[in-house]
Amino acid sequence: MRETFLHSYGLLLSATLAGAWRHAPPPVELSEKELTTVAPLLTGSGAAALGWWKLRRTDRRASPSARQLQHAYRFNTLQAALREREIERVFALLSDARIDAVLVKGWAAARLYPEQGLRPFGDMDVCVRPAQFASASRLVGAERRVDLHAGFEKSDERGFDETFERTETVEIGASRVRVLCAEDHLRLLSLHLLRHGAWRPLWLCDVAAAFENRARNFDWTRLLAGDRRRASWVVCALGLAHALVGMRVEDTPVAHEALRLPRWLVPEVLKQWQTPFPARQAPMRHRAPMRKYLRHPSGVFKDLRNRWPNPIEATVLMNASFNELPRLPFQLANCFARTARFISAAGAQTKL
Amino acid sequence: MEQRIRNDRPRARAGGLVVRELPEEVLVYDLERHRAICLNHTAALVWKHCDGETSVAEISRRLGAHLRLPVAEDVVWLALDQLARDHLLEGKIARPAAFSGISRRELMRRLGVAAAVALPLVTSVVAPTAAEAASCLPTGAACTAPAECCSGLCPGSPNGTCV
């Protein structure tokens, strides 16, 4: 296993982050070379503080690479404190205007870690009732860090009211904010992870932190309710968290399904983790906007590789199942669908 | 007019700071200067005792009791120097002549390695690159579909701009 570490950044990340969201994470044994290799991957993907959390009680804690990770942990801790103040302010504005707002991902995910500095969050994802979106935009749309969403996760079919009814308020600083109930939060994190191709290891830790911190009365039916395909996606994400970062699924109602992942899935995520950096992901990795290729069509072939969807993204975007069937048809179908959308939009613009 | 405080009774600055206490250190963000600072355990203890009432001699005694080590006043003055440098004290402090000009290095040499680990240290916290975990494009970025934008809005897609 150790021989392969340096040949697979994904395996190295997987070993480093195993159990990292726990109060007492399992120890990680990394050679100096492995630590030097994994530190930039952790930092670049936003998991540096979790790396430090794993290393802080080991002999490697004083090494220069570990110190870099510790700096990130300190920085994230202060940043979380500052961001909390912004969240309080934005939610006070929305509350005064009687806008139903729910905080998702970011802070809502970070609050489930032993310390908030372990999980960086930059943007504030705020979901509002679709009918109130315009009012909310006028009120906080100009805020630099606010990402306002009309409704909840795009990959989910549940209506706003149904989800909002189950939300709960939690303490933040001196006030309270509304967050999703534990079941819906875990569902959203799982669907979000897959929709973005699972390229960021931190998202799998988010899923694991939400899963392992569930209350005794966790409603499994709620988690897996509705569309069966989406429910199977959620189980798939849980299975990935088990396989790659050691989340404990044993003795849960999803254990049987979560332990039976399609064979291509784990290797595919590990492949994504070879370069877990935002700049290497779509759309940042695209060489140019598609409209540029209307005048220079030859360029589109060079950029095709950058625009090729990863099999996980393609599965979700084509509303397909995670099974043993080859993914190529879904990737091709997704490419065709996007091309058709582009041509149709370009055609409409030309007519204008 | 610049405020001068009694040299032997330092007072910690309270306003314009965000403070987070961790098990082994204290992190401070200066909202006026936009600087992040880390105080090691000893520096944090000194800072905590800077209430404008406690003398340097008393701080050094309390520090010694906490660390279970004899702590010279030099150590407290070294911490105060660093805290003042990073604007974490009210007003200005000046060391009495008897304690002036002693650097951290000299103190380390004088106290020996064992005691040197307890020396105060105030350092800057630097931002790691790409520390944030955003998965979407910010306002103003070119987008091809609404799903790419943090706002979920990409007017003019597939050649649009996130709003």
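## Some points on the overall build of chain A
Per the secondary structure count, chain A includes 18 helices and five strands. Counting the 352 residues in chain A, one finds 46% classified as buried. Counting contacts in chain A only where the partners sit at least 6 residues apart, residues at least 24 apart contribute 63% of the total.

## Digging into the pairing of strand 1 (residues 17–21) of chain B
Residues and elements named next belong to chain B. With five bridges connecting them, strand 1 and strand 2 (residues 25–30) associate as antiparallel partners. Paired with Leu17 across the bridge in strand 2 is Asp30. Where strand 1 folds back on strand 2, the antiparallel hairpin that results is connected by three residues.

## So, the packing of helix 1 (residues 41–49) of chain B against helix 2 (residues 56–67) of chain B
Residues and elements named next belong to chain B. With their axes 10 Å apart at the nearest point, helix 1 and helix 2 run at an angle of 135° to one another. Looking at the two axes, helix 1 sits oblique to helix 2. Relative to helix 2, the crossing made by helix 1 is right-handed. For the pair helix 1 and helix 2, contact is made by Thr42, Leu45, Val46 and His49 and by Ile59, Arg62, Leu63 and His66, respectively. Considering only residue class, the contact of helix 1 with helix 2 consists of four nonpolar, three polar and one charged.

## A closer look at unusual backbone geometry
Phi is positive for Ala198 of chain A, close to 55°, though the residue is something other than glycine. Mapping Ala198 of chain A onto the fold places it in the loop between helix 9 (182–195) and helix 10 (201–212). Notably, His34 of chain B is not glycine yet its phi reads approximately 50°, a positive angle. Inspection of the secondary structure puts His34 of chain B in the loop between strand 2 and strand 3 (35–40). Given 8 C-beta atoms within 10 Å, His34 of chain B falls into the exposed group.

## Overview of the environment of Arg74 of chain A
Mapping Arg74 of chain A onto the fold places it in helix 5 (residues 64–96). By the C-beta count within 10 Å, which is 23 here, Arg74 of chain A ends up buried. In sequence terms Arg74 of chain A and His256 of chain A are 182 residues apart; their C-alpha atoms lie 39 Å from each other. Each residue touching Arg74 of chain A, except ones within four places of it in the same chain, is listed here: Leu27, Cys38 and Val125 of chain B.

Reading guide: rules and limits
Every residue gets a number counted from 1 within its own chain, in the order that chain's sequence is written. By the order in which they are written, chains take letters starting at A while ligands take numbers starting at 1. For this predicted model, a pLDDT threshold of at least 70 governs which residues receive local features, and a threshold of 80 or more governs which side-chain atom pairs are given and counted, while totals over whole chains, interfaces and linings are taken from all residues. Secondary structure is summarised from DSSP: a helix means a run of H or I of at least four residues, a strand means a run of E of at least two, and numbering begins at the N terminus for each. The burial label depends on the number of other C-beta atoms within 10 Å of a residue's C-beta. Counts of 20 or more mean buried, 12 or fewer mean exposed, and intermediate counts mean partly exposed, with C-beta atoms placed from the backbone. Each residue gets a C-beta atom placed from its backbone, and two residues are in contact if those atoms lie within 7 Å. One bridge is not enough; two strands pair if DSSP finds at least two bridges between them. Fitted lines through C-alpha atoms give the axes, limited to the stretch in contact for helices. The angle between two N-to-C directions lies from 0 to 180 degrees. Any angle between 65 and 115 degrees counts as roughly perpendicular, while under 35 counts as roughly parallel, over 145 as roughly antiparallel, and the rest as oblique. Two helices crossing with the near one rotated counterclockwise from the far one by less than a right angle form a left-handed crossing, whereas a clockwise rotation gives a right-handed crossing. As a working rule, the residues Ala, Val, Leu, Ile, Met, Phe, Trp, Tyr, Cys and Pro are called nonpolar, Asp, Glu, Lys and Arg charged, and the rest polar, with Gly in that last group.

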